[in-house]
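# Coordinate analysis (summary)
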Amino acid sequence: NQDAAKVLIISDPDPDGAYAAKNGETLLMKIGCKNYTVSRYRSRSHDLDAYAVRECIQQKYTHVLIFDTASSDLQQLQLLSSYGIHVLVLDHHVTAYDYGDYPKNVAII
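The following refers to the structure shown.

The rules behind these values
Residues numbered from 1 in each chain as written. Predicted model: local features only at pLDDT ≥ 70, side-chain atom pairs only at ≥ 80, totals over all residues. Heavy atoms only, no water. Helix = DSSP H or I, 4+ residues; strand = E, 2+ residues; numbered from the N terminus. Rg over C-alpha atoms; globule rule 2.2 N^0.38 Å. Contact = heavy atoms within 4.5 Å. Areas by Shrake-Rupley, 256 points an atom, 1.4 Å probe, with all protein chains shown as cover. Lys, Arg positive; Asp, Glu negative; His and termini not counted. Charge placed at Lys NZ, Arg CZ, Asp CG, Glu CD. Buried < 20%, exposed > 50% of the residue type's maximum accessible area, 1.4 Å probe, protein only. Arc of directions from axis to C-beta. Phe/Tyr/Trp six-rings, centres within 6.5 Å; stacked < 30°, edge-to-face > 60°. Pairing = 2+ DSSP bridges. Axes fitted to C-alpha atoms, helices over the stretch in contact; angles between N-to-C directions.

### Topic: the overall build of the protein chain
Tallying secondary structure elements over the protein chain gives three helices and five strands in all. For the protein chain, the α and β elements follow one another from N to C terminus as β-α-β-α-β-α-β-β. For the protein chain, the C-alpha radius of gyration of 13 Å lies close to 13 Å, the compact-globule estimate for 109 residues. Taking as baseline every contact in the protein chain between residues at least 6 positions apart, the subset at least 24 positions apart corresponds to 56%. Of the roughly 6600 Å² that the protein chain leaves accessible, carbon and sulfur atoms contribute 52%. Each charge class in the protein chain can be summarised by its mean position, and for the 10 positive and 13 negative side chains these summaries are 11 Å apart.

### A short note on helix H3 (residues 74-82)
Among the residues making up H3, those that are buried are Leu 74, Gln 76, Leu 77, Leu 80 and Ser 81. End-on view of H3: buried residues confined to an arc of 165°, all on one side of the axis. In this structure, H3 carries Gln 75 and Ser 82 as exposed residues pointing more than 90 degrees from its buried face. Close packing links the buried residues of H3 with helix H2 (50-58), strand S3 (63-67), strand S4 (86-90) and strand S5 (106-108). The positive-phi residue at the C-terminal boundary of H3 is Gly 84, with phi of around 80°.

### Observations concerning the packing of aromatic side chains
Inspection of every chain in the model, using the stated rule, returns one aromatic pair. A ring pair is formed by Tyr 97 and Tyr 102, whose centres lie 6.1 Å apart and whose planes are at 70°; its orientation type is edge-to-face. Given the relative accessible area of 8%, Tyr 102 is considered buried.

### A closer look at the sheet that holds strand S1 (residues 7-11)
Spatially, S2-S1-S3-S4-S5 is the arrangement adopted by the five strands of the open sheet, whose pairing is parallel. Only two strands of the sheet have a single partner each, and these edge strands are strand S2 (36-38) and S5. Looking at each pair of strands side by side, their axes are set apart by 15° on average, direction ignored. In this fold helix H1 (residues 15-30) packs onto S1, S2 and S3, with an angle of close to 160° to the strand it touches most, S1.

It is worth stressing that arrangement in space is one thing and function is another; only the former is reported here.
Right, here's the structure in full:
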């Protein structure tokens, strides 16, 4: 139910991350999801922004879309998962983890 979803979009602020985040925002608009926020970036790295993770938890987001980062930040993804947040990570970077290493409500593409 997209009316009940509260979605946070997080991305790496480099060109591919920013473009992917914009596409994610467009997708949400096209499916009628109005309750979403694009997290402001604080630094350019391929690590998941810890501030954005705290924002997601404290503001009680139900879903988070993460672009171009986070596939290697298993601890932060586990933290989001422990709060029942549904996570979708789209990242082209190499990670040492296998799909089975991620929590059940974390999808990695």
